[in-house]
Amino acid sequence: MLEINNVRVVYPNGNEAIKSVSLTAKAGELVAIIGRSGAGKSTLLRCINGLQPVTEGTITLDGEIITAMNKKEIQAERAKIGFIWQEYNLVERLPAITNVLMGRLAYNPGLKSLVGYFNRAHREIALKSLERVNLLHRANFRADRLSGGEKQRVSIARAIAQEPKIILADEPVASLDPELSVQVMSDLARVARELGVLTIINIHQVELAKMFCDRMVGIARGVVVYDGAPDGLSEHVLDQIYRWEKFLPKEEHHHEANQALRPDLAHGAMSTAN
Amino acid sequence: MTTSTQTAAKPLPAPISPEELRARMLRPIPTPSLRGVLIFVAVMTVLAWAWSASRPTAINRVEGIGDILGAMGDLIGRMFPINFEFARGTENTITLFGREMVIGWPLIITATIETVQMAIIGTLGAVIFSVPVSLLAARNTSPHPIIYQSVRFVLNFMRSIPELIWAILFVAGVGFGAFAGVLALVFGSLGSLARIYAEAIEQIDPQQVLAVRATGASGVQAFVYAVIPQALPLLISYSIIFFESNVRHATILGLVGAGGLGVKLWEYTGLGDYQRLMGTIVVLVVAVTIIDRFSSWLRQRFI
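Here the residue numbering is sequential within each chain, running from 1 through the sequence in written order. Chains and ligands are labelled sequentially in the order written, the chains with letters from A and the ligands with numbers from 1. Only residues with pLDDT of at least 70 are given local features in this predicted model, and only at 80 or more are side-chain atom pairs given and counted; all residues enter the totals for whole chains, interfaces and linings.

A few words on the overall build of chain B. For the purposes of this entry, the term helix denotes a DSSP run of H or I that reaches at least four residues, the term strand denotes a run of E that reaches at least two, and both are numbered from the N terminus. Across its full length, chain B holds 11 helices and 2 strands. Mapped from its N terminus to its C terminus, chain B presents α and β elements in the order α-α-α-β-β-α-α-α-α-α-α-α-α. Looking at chain B as a whole, 30% of its 303 residues are labelled buried. With C-beta atoms placed from the backbone, a contact is any residue pair whose C-beta atoms sit within 7 Å. Contacts spanning at least 24 positions in sequence make up 64% of the contacts within chain B whose residues lie at least 6 apart. Counting other C-beta atoms within 10 Å of each residue's C-beta, where C-beta atoms are placed from the backbone, gives the exposure class: buried for 20 or more, exposed for 12 or fewer, partly exposed between.

Right, let's talk about the domain arrangement of chain A for a bit. Residues and elements named next belong to chain A. Domain segmentation is taken from an automatic or database assignment of domains. Parsing chain A into structural domains produces domain 1 (1–80 + 164–263) and domain 2 (87–163). In this assembly, 14 residues from domain 1 lie in contact with 14 residues from domain 2. Broken down by element, the side of domain 1 that touches domain 2 gets its largest block of residues, 7 residues, from helix α7 (residues 178–195). For the side of domain 1 that touches domain 2, the per-class residue count stands at 10 nonpolar, 2 polar and 2 charged. Three residue categories are used. Nonpolar comprises Ala, Val, Leu, Ile, Met, Phe, Trp, Tyr, Cys and Pro, charged comprises Asp, Glu, Lys and Arg, and polar comprises the others, including Gly.

Once that is clear, we can look at the packing of helix α4 (residues 107–137) of chain B against helix α9 (residues 219–253) of chain B. Residue and element names in this part refer to chain B. Direction vectors running N to C along α4 and α9 enclose 135°, while the axes themselves pass 8 Å from each other. With respect to their mutual orientation, α4 and α9 come out oblique. Our pair here, α4 against α9, has a crossing hand that is right-handed. Contacts between α4 and α9 involve T115, V116, M118, A119, I120, G122, T123, A126 and V127 from the first element and S239, F242, F243, N246, V247, A250 and T251 from the second. Among the residues making up the contact of α4 with α9, the classes are represented as 10 nonpolar, 6 polar and no charged. Convention adopted: a line fitted to C-alpha atoms gives each axis, helices being fitted over their contacting stretch, and angles between N-to-C directions are expressed from 0 to 180 degrees. Angles are sorted into four bins: roughly parallel if under 35 degrees, roughly antiparallel if over 145, roughly perpendicular if 65 to 115, and oblique for all others. Helix crossings fall into two classes, left-handed where the near helix is turned counterclockwise from the far one by less than a right angle and right-handed where it is turned clockwise.

The next point concerns the interface of chain B and chain A. The interface of chain B with chain A comprises 17 residues on the first partner and 21 residues on the second. Counting residues per element, the ones that place at least two in the side of chain B that touches chain A are α8 (206–213) and α9 of chain B. Top contributing element to the side of chain B that touches chain A by residue count: α9(B), with 7 residues. Of the residues in the side of chain B that touches chain A, the class split is 10 nonpolar, 7 polar and no charged.

Residues and elements named next belong to chain A. What makes two strands pair is DSSP finding at least two bridges between them. As paired strands, strand β1 (residues 2–10) and strand β2 (residues 16–25) are joined by 6 bridges and run antiparallel to one another. Paired with V9 across the bridge in β2 is I18. If you look at the hairpin formed by β1 and β2, you'll find 5 residues sitting between the two strands, and G14 has a positive phi there, around 95°. Bridging between β1 and strand β4 (residues 56–61) involves 5 bridges; their strand directions are antiparallel. Note on β4: the bridge partner recorded for E3 is T60.

Glycine aside, the phi torsion of most residues is negative, and most peptide linkages are trans. Residues and elements named next belong to chain A. Even without a glycine there, the phi angle at Y88 is positive, about 65°. Using a count of 26 C-beta atoms within 10 Å as the deciding quantity, one classes Y88 as buried. At R221, a residue that is not glycine, the phi angle is positive and equals roughly 50°. Within the element layout of this structure, R221 appears in the loop between β9 (215–220) and β10 (223–228).

Let us now look at helix α11 (residues 274–300) of chain B. Between the first and last residue of a helix there are one fewer steps than residues, each counted as 1.5 Å, and that sum is the expected span. Its 27 residues give α11(B) an end-to-end C-alpha distance of 39 Å, which sits within 8% of 39 Å, the value for a rise of 1.5 Å per residue. On the buried face of α11(B), the contacting elements are α4, α9 and α10 (261–271) of chain B.

Here the focus is the environment of R139(B). Residue and element names in this part refer to chain B. With respect to the secondary-structure elements, R139 resides in the loop between α4 and α5 (145–159). Along the sequence, R139 and V227 sit 88 residues apart, while their C-alpha atoms lie 13 Å from each other. The residues contacting R139, other than those within four sequence positions of it, are Y148 and E202.

Following this line, the structure appears as structure tokens:
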């Protein structure tokens, strides 16, 4: 159970990335977060695993208050939070299986992990994770020899090897072509359902999100503007998420739009840049 | 990586008319600018000043190019015929098929081998010290900016001391022989090796490290699983380059009595025995060439 209560995030440079977000999600749910670049999606995910401190509000995961934890407690908590990155972020020079075993590092502390020792149980979990994403045959391939789609599936395997309470995926298919995107999304959704893990996916491709997720959350200018079933995403709602300038009073239009957007994203509402 | 691009505000040159620009571009030889002339005069002045201390003086007994060539020719003449030093260096008795055999290597070979042995141990010592030092000297792994700055300062200081000076210090400290030479190689390499190790560590992709940290792994685990694998090819490559250059340095160290082939070079030079000196140099060139080839082959396998 993830509870986000009135979270607000202001960066040291004064930018307000998240104005106020509240959200509750249960185990087994597949939640897609949609919104323009700079809407606060990435920031929200980074808050949940403690990479980004919040300015106000609380985030609670299975009763534990993440926003109140010190560095050591957050590190321990991250063992239970899988994170999937847009650019995969595998250690390129190591084999796929070692990358998956890294999901076990937090459970294998001390000197033995530093010399590469993982006991049979850890290795079983890693192999099983690779098997779940149908990549067992690539176990001993170096990560830099895998294709983009395979890399992202290895990173899904790394996340589930953590036996996580929650999986956070930040634009998991933004670096893949449309066909691979569907494949990787379906793998991620299938694995998440099989394991019954709460999964939150930041994603730009609305159609793809509708195909695989039970619930859509639309964020615009740091606030939730839609939270509900994929079917409820009408043109009007999508306009509120992606083309909200329309709804501003005429004279405010220009001024507000420029203020809310990052200057580098001032053109093109549907930019795919992260 | 998102680093802000900072371009220093440089004043633009004064605008010129398109006709003027066109005329200038069409000139067969560009008109020298005042700035160009000033730079030329300044460079010439520095060169003249440097030559004033470098030119041959009365003590060199050479007047003109012909004299220099004659002197060199005379020296080269005294190097031939080349004489290889075949006196036995070491003798070992081995038993082969029930018969005792005495195997002895020529002195020149044992001295060359000693040089390579010194280079191997000297480089290994430098590598062992450089790994932890470079962690403190790399911006992304150093625990504190003050530590980073002070380690860099010490490394710069060490780098400004040539191997030969280290050798003189260690010969004075631990006595003549190869061990003093090895210590000279370790400390002579440490300053540069730790610095380029640190630069290799600074070049890694921080996102891969962040991803490992995000699984809840500790800092040390992330270092072993994400920093080291990324930096390793460069670390190995640099270490091999240092081994190569340490073989060359090790030959020089003998000049101050710190073991290796240089001891022989020094001896023959002192005796004026240029034929044996040439023989030693030939062996040295062959050995260094073989090692260069070997190590560049080895390095290619790690990239």
